[in-house]
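Remarks on the overall topology
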Amino acid sequence: MKKLIICHLYGNLLNTYGDIGNIMAFSHEARKRGYEVETEIISLGDEFVPEKYDFVFFGGGQDYEQKIVQEDLLGKRDELANYIEESGVFLAICGGYQLLGKYYYDAYNNKINGLNIFDHYTENQQDGARFTGQIKIKDNLSKKIYEGFENHGGVTYLSKDQKALGMVIEGNGNNGKDKTEGFRYKNTIGTYLHGPLLARNNNLCNDLLNKIEERN
């Protein structure tokens, strides 16, 4: 039986909105294809070995947990960047998405530096406002429709060189202004879609599995 190894970055600390459902949905679809699936949590003080993993999932959490993760994460930056550049399949949701960029601000308006692997950055909304509710987007590449739930106080802006994952049909997306949602680079996706995303969007789940099979 073929083996597929998943890395759940800080899965013991970052799992708001039930986003572990992404790993559950992904594992289910992989097993249907005949894979034996193994999931490893890589957390504080653990080494990240890029060539070991077929799929990396990075979720979000509360400000306290994300600050703890940020300090440890910097020591894994080069290895994560290498995984991304080598077209490793990587899904980052909400806080994970923000931490891949330059910086974000916590609920107390403290600036938290990200990994700076990508050029997006996240500011806080005024007066503590949040984007919440159902969201629907159209993938810029596949033209497929994805649905989810957004709940974020941050507003994220992509650089001119970054490509959005999709365009908002319903909801707010990255910043509520330019209709972009998330970003895509090689086989890395960052997004604000909870739901969990892969449980609600089997089409995207299988697209990610196809990417893994193309690499192997």
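Since this is a predicted model, take the numbers as computed values, not measurements. Along every chain, residues carry numbers that run from 1 in the direction the sequence is written. Given that the model is predicted, a residue must reach a pLDDT of at least 70 before its local features are reported, and side-chain atom pairs must reach 80 or more before they are shown or counted; all residues, however, enter totals for whole chains, interfaces and linings. Neither water nor hydrogens contribute to the side-chain values; these are computed over all heavy atoms in the structure.

A few words now on the overall build of the protein chain. Secondary structure assignment for the protein chain yields six helices and 14 strands. The globule rule used here is 2.2 Å times the number of residues to the 0.38 power, and the radius of gyration it is set against is calculated over C-alpha atoms. Radius of gyration (C-alpha) of the protein chain: 16 Å, near the 17 Å computed for a compact globule of 216 residues. Only protein chains enter the accessibility calculation, which uses a 1.4 Å probe; a residue whose area is less than 20% of its type maximum is buried, one above 50% is exposed, and one in between is partly exposed. Across the 216 residues that make up the protein chain, the buried fraction comes to 54%. Every residue pair with non-hydrogen atoms within 4.5 Å of one another is taken to be in contact. If you take every contact in the protein chain between residues at least 6 apart in sequence, the share linking residues at least 24 apart comes to 68%. Put simply, DSSP marks the helices as runs of H or I at least four residues long and the strands as runs of E at least two long, and each gets a number from the N terminus on.

Between two aromatic rings, the relevant description is the distance of the centres plus the angle of the planes. Stacked, tilted and edge-to-face pairs are distinguished by plane angle, under 30 degrees for stacked and over 60 for edge-to-face with tilted covering the rest, among Phe, Tyr and Trp rings (Trp via its six-membered ring) whose centres lie within 6.5 Å. Under the definition given, this model contains twelve aromatic pairs. Where Tyr 97 meets Phe 183, the ring centres are 5.7 Å apart and the plane angle is 25°; that geometry is what we call stacked. Highlighted residues: Tyr 97 in helix H4 (residues 95-99) and Phe 183 in strand E13 (residues 183-185), separated in sequence by 86 residues. What makes Phe 183 buried here is its relative accessible area of 1%.

Right, let's talk about the environment of Gly 171 for a bit. Mapped onto the fold, Gly 171 is located in the loop between strand E11 (166-170) and strand E12 (180-181). For Gly 171 and Ile 137, which are 34 residues apart along the polypeptide, the C-alpha to C-alpha distance reads 8.4 Å. Residues contacting Gly 171, with those up to four places away along its chain left out, are Gln 134, Ile 135 and Glu 150.

Over the atoms rolls a probe the size of a water molecule, and in doing so it shows where empty space is left. In this structure, the largest pocket encloses a volume near 430 Å³. If you trace the largest pocket, you find 23 residues lining it, with Asp 63, Ala 107, Arg 130, Gly 153 and Gly 154 closest to the centre. Elements supplying a minimum of two residues to the lining of the largest pocket: helix H2 (63-73), H4, strand E5 (103-105), strand E7 (121-124) and strand E9 (145-152). In the lining of the largest pocket, the residues fall into six nonpolar, 14 polar and three charged. Think of a 1 Å grid over just the protein atoms. A cavity is a set of points where a 1.4 Å probe fits yet cannot get out, a pocket is an open set with protein on both sides within 12 Å along at least five of seven lines, and lining residues have an atom within 4 Å of a point. Grid points are joined across faces, edges and corners, and a volume is the space filled by probe spheres set on the points. Residue polarity is assigned by list, with Asp, Glu, Lys and Arg as charged and Ala, Val, Leu, Ile, Met, Phe, Trp, Tyr, Cys and Pro as nonpolar; anything else, Gly included, falls into the polar class.

Time to look at helix H6 (residues 202-215). Here the expected length of a helix is defined as 1.5 Å per residue gap, with one fewer gap than residues. Its 14 residues give H6 an end-to-end C-alpha distance of 20 Å, which sits within 8% of 20 Å, the value for a rise of 1.5 Å per residue. Turning to H6, its buried residues are Leu 204, Cys 205, Asn 206, Leu 208, Leu 209 and Ile 212.

In contact at an axis separation of 10 Å, helix H1 (residues 21-32) and H6 are set at 60° when each is read in the N-to-C sense. Relative to H6, the element H1 lies oblique. Relative to H6, the crossing made by H1 is right-handed. Here Ala 25, Phe 26, Glu 29 and Ala 30 of H1 lie close against H6, whose contacting residues are Asn 202, Cys 205, Asn 206, Leu 208, Leu 209 and Ile 212. Split by residue class, the contact of H1 with H6 holds seven nonpolar, two polar and one charged. Helix axes use the C-alpha atoms of the stretch in contact, all axes being lines fitted to C-alpha atoms, and the angles between their N-to-C directions lie in the range 0 to 180 degrees. Working definition: roughly parallel below 35 degrees, roughly antiparallel above 145 degrees, roughly perpendicular at 65 to 115 degrees, and oblique for all remaining angles. Helix crossings are classified by the rotation of the near helix relative to the far one: an anticlockwise turn of less than a right angle makes the crossing left-handed, while a clockwise turn makes it right-handed.

Turning to the pattern of salt bridges, a few remarks are in order. A pairing counts as a salt bridge when a side-chain nitrogen of Lys or Arg comes within 4 Å of a carboxyl oxygen of Asp or Glu. All chains considered together, the criterion is met by 14 salt bridges. Residue Glu 85 pairs with Lys 186 through a salt bridge whose shortest N-O separation is 3.1 Å. Here Lys 186 lies in the loop between E13 and strand E14 (188-191) and Glu 85 lies in helix H3 (residues 77-85), a separation of 101 residues in the sequence. Here Glu 147 ties to Lys 136 by a salt bridge, and the two come within 3.6 Å at their closest N and O atoms. Here the residue Glu 147 occupies a position in strand E9, and Lys 136 occupies one in strand E8 (residues 131-139), the gap between them amounting to eleven residues. Look at the salt bridges and you will find they share partners, linking Lys 136, Glu 147, Glu 170 and Arg 200 into a network.

Note: α-helices contain 3.6 residues per turn, so residues at a spacing of three or four share the same orientation. Within H2 the residues assigned to the buried category are Gln 66, Val 69, Gln 70, Asp 72 and Leu 73. Taken end-on, H2 shows its buried residues confined to a sector of 165°, consistent with a single buried face. H2 presents Tyr 64 and Glu 71 as exposed residues on the side facing more than 90 degrees away from its buried surface. As for H2, its buried residues are in contact with strand E3 (55-58), H3, H4, E5 and strand E6 (111-113). This arc corresponds to the set of directions leading from the helix axis out to the C-beta atoms.

So, about the UniProt feature "binding site: substrate" (unreviewed entry) in the protein chain. UniProt positions are given in the numbering used here, feature names are shortened, and annotations may be inferred rather than shown by experiment. What UniProt calls "binding site: substrate" (unreviewed entry) maps, in this numbering, to Arg 130. Positionally, Arg 130 belongs in the loop between E7 and E8.

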